[in-house]
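Examining the three-dimensional arrangement
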Amino acid sequence: MNEAITSPVRRDFPMCFTATARGARLARRLVLLRLDEWGHPYGSDLNQDLTLIAGELAANAVRHGFVAGRDFRLRLVETGDGALRVEVSDTRTERRPVPEHAEQPAPGDEESGRGLYLVARLADRWGVAERPGAPGKTVWAEIGP
């Protein structure tokens, strides 16, 4: 599940956020706004789905990828073939998501464990890759061709 972007990048929005709940909320909000600016209006299925995916990945970076004094990075990309991709990178090298765990939601009484299940259901593709040029990992998800 280490899939690079193969189509030319049409639009690119990278930004770093503090690895806090506030940083995760801000990342989610900026994805919502940027998608609207790129022609995917508020309330559209695409905007809602990709914003939810970005929120889940950002929350996971804060919860599972936190390293004191380090930020997480979010990148939103629209490719020339119309795919939209969100990437969230953190500096923690261990605790990588396991794709098989996303196949089933957590049992009903668990307080967590549903984020990647939602990502897997909403995205056309998702995966985990080494963070380019730095220690850590990048979790990405795509919607579209």
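A few points on the structure. (Residues numbered from 1 in each chain as written. Predicted model: local features only at pLDDT ≥ 70, side-chain atom pairs only at ≥ 80, totals over all residues. Heavy atoms only, no water.)

1. Quick notes on helix 2 (residues 45–64)
- For helix 2, spanning 20 residues, the distance from its first C-alpha to its last is 28 Å, which sits close to the expected 28 Å at 1.5 Å a residue.
- What helix 2 keeps buried is the set Asn 47, Leu 50, Thr 51, Ile 53, Ala 54, Gly 55, Leu 57, Ala 58, Ala 61 and Val 62.
- Buried residues along helix 2 sit against helix 1 (21–37), strand 2 (71–79), strand 3 (84–90), helix 3 (115–122) and strand 5 (137–143). (Helix = DSSP H or I, 4+ residues; strand = E, 2+ residues; numbered from the N terminus. Expected span 1.5 Å × (residues − 1). Buried < 20%, exposed > 50% of the residue type's maximum accessible area, 1.4 Å probe, protein only. Contact = heavy atoms within 4.5 Å.)

2. Here's the deal with the sheet that holds strand 2
- The strand order across the open sheet built from five strands is 1-2-3-5-4, with neighbouring strands paired in antiparallel fashion. The strands lining the two open edges of the sheet, one partner per strand, are strand 1 (9–18) and strand 4 (125–130). With strand direction ignored, the average angle separating the axes of adjacent strands in the sheet is 15 degrees.
- Sheet topology places strand 1 next to strand 2; nine bridges connect them, and they run antiparallel. If you follow Thr 18 over to strand 2, its bridge partner there is Asp 71.
- Across the sheet, helix 2 touches strand 2, strand 3 and strand 5, and the angle it forms with strand 3 is around 10 degrees. (Pairing = 2+ DSSP bridges. Axes fitted to C-alpha atoms, helices over the stretch in contact; angles between N-to-C directions.)

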